[in-house]
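Analysis of the macromolecular model
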Amino acid sequence: MIRLTSLTLLAGLLLPAAGLSAQSAQVPTRNVPENLAAKAKIGEDSARAVALKRIPGTVETVQLLERSGKLEYVFGIKPTTNKAMEKVTVDAMTAHVMSVSAASSTKSKSTSSHSS
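For clarity, every value in this text was computed on a predicted model and none was experimentally measured. (Residues numbered from 1 in each chain as written. Predicted model: local features only at pLDDT ≥ 70, side-chain atom pairs only at ≥ 80, totals over all residues. Heavy atoms only, no water.)

**With respect to the overall build of the chain**
Regarding its fold elements, the chain presents three helices and six strands. Within the chain, buried positions represent 28% of all 116 residues. A separation of at least 24 residues holds for 37% of the contacts in the chain among residues at least 6 apart in sequence. Summing over all exposed atoms, the chain offers an accessible surface of approximately 8,000 Å²; the carbon and sulfur share of this is 58%. (Helix = DSSP H or I, 4+ residues; strand = E, 2+ residues; numbered from the N terminus. Buried < 20%, exposed > 50% of the residue type's maximum accessible area, 1.4 Å probe, protein only. Contact = heavy atoms within 4.5 Å. Areas by Shrake-Rupley, 256 points an atom, 1.4 Å probe, with all protein chains shown as cover.)

The structure is reproduced here in structure tokens:
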């Protein structure tokens, strides 16, 4: 009886650890500097939701960049509908999608009007 209790206890301790390692494999590669995140009006989670609404799938990478004085979240998303990775750029101040493009492409197509 003691042996059975010990095995049950051991299994109970190991199962959550196995599930945790499976979850950590799904964590996207992040490059979100704290100093830039402090300047952003839109949080990473909100920007992610906007990007995933445009391209449903799994976020593989996320970056927060400052380009030409603008803060941008750039999400690498593996779409649910095909295998080609897509890059979605979201304005960190307004949450507008700035561009959507193939991740390997250097050109991007604008998907929203820009107003100054």
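Once the structure has been displayed, the description carries forward.
**Let's talk about the packing of aromatic side chains**
Applying the stated criterion across every chain yields a total of one aromatic pair. Aromatic pair tyrosine 73 and phenylalanine 75: ring centres 6.0 Å apart, planes at 25°, arrangement stacked. With respect to class, tyrosine 73 is no different from phenylalanine 75; both count as buried. (Phe/Tyr/Trp six-rings, centres within 6.5 Å; stacked < 30°, edge-to-face > 60°.)

**Some remarks on the nonpolar core**
Judged by nonpolar contacts, the single largest core of 19 residues is most densely connected at Leu64, Tyr73, Phe75, Ile77, Val88 and Val90. Residue assignment for this core shows that the elements contributing at least two residues are α3 (44-54), β2 (57-67), β3 (70-79), β4 (86-91) and β5 (97-102). Among the elements that take part in this core, β3 stands out by supplying four residues, more than any other. When sequence neighbours within four positions are dropped, the list of residues in contact with valine 90 reads Ala47, Val50, Ala51, Leu71, Glu72, Tyr73, Phe75, Ala95, His96, Val97 and Met98. (Core = buried A, V, L, I, M, F, W, Y, C linked by side-chain atoms within 4.5 Å.)

**A word on the environment of leucine 36**
Tracing the backbone shows leucine 36 in helix α2 (residues 34-39). Residue classification places leucine 36 among the buried positions, given a relative accessible area of 10%. Spatially, the C-alpha atom of leucine 36 lies 7.6 Å from that of leucine 65, the residues being 29 residues apart in sequence. Setting aside residues no more than four positions away along its own chain, leucine 36 makes contact with Leu64, Leu65, Glu66 and Leu71.

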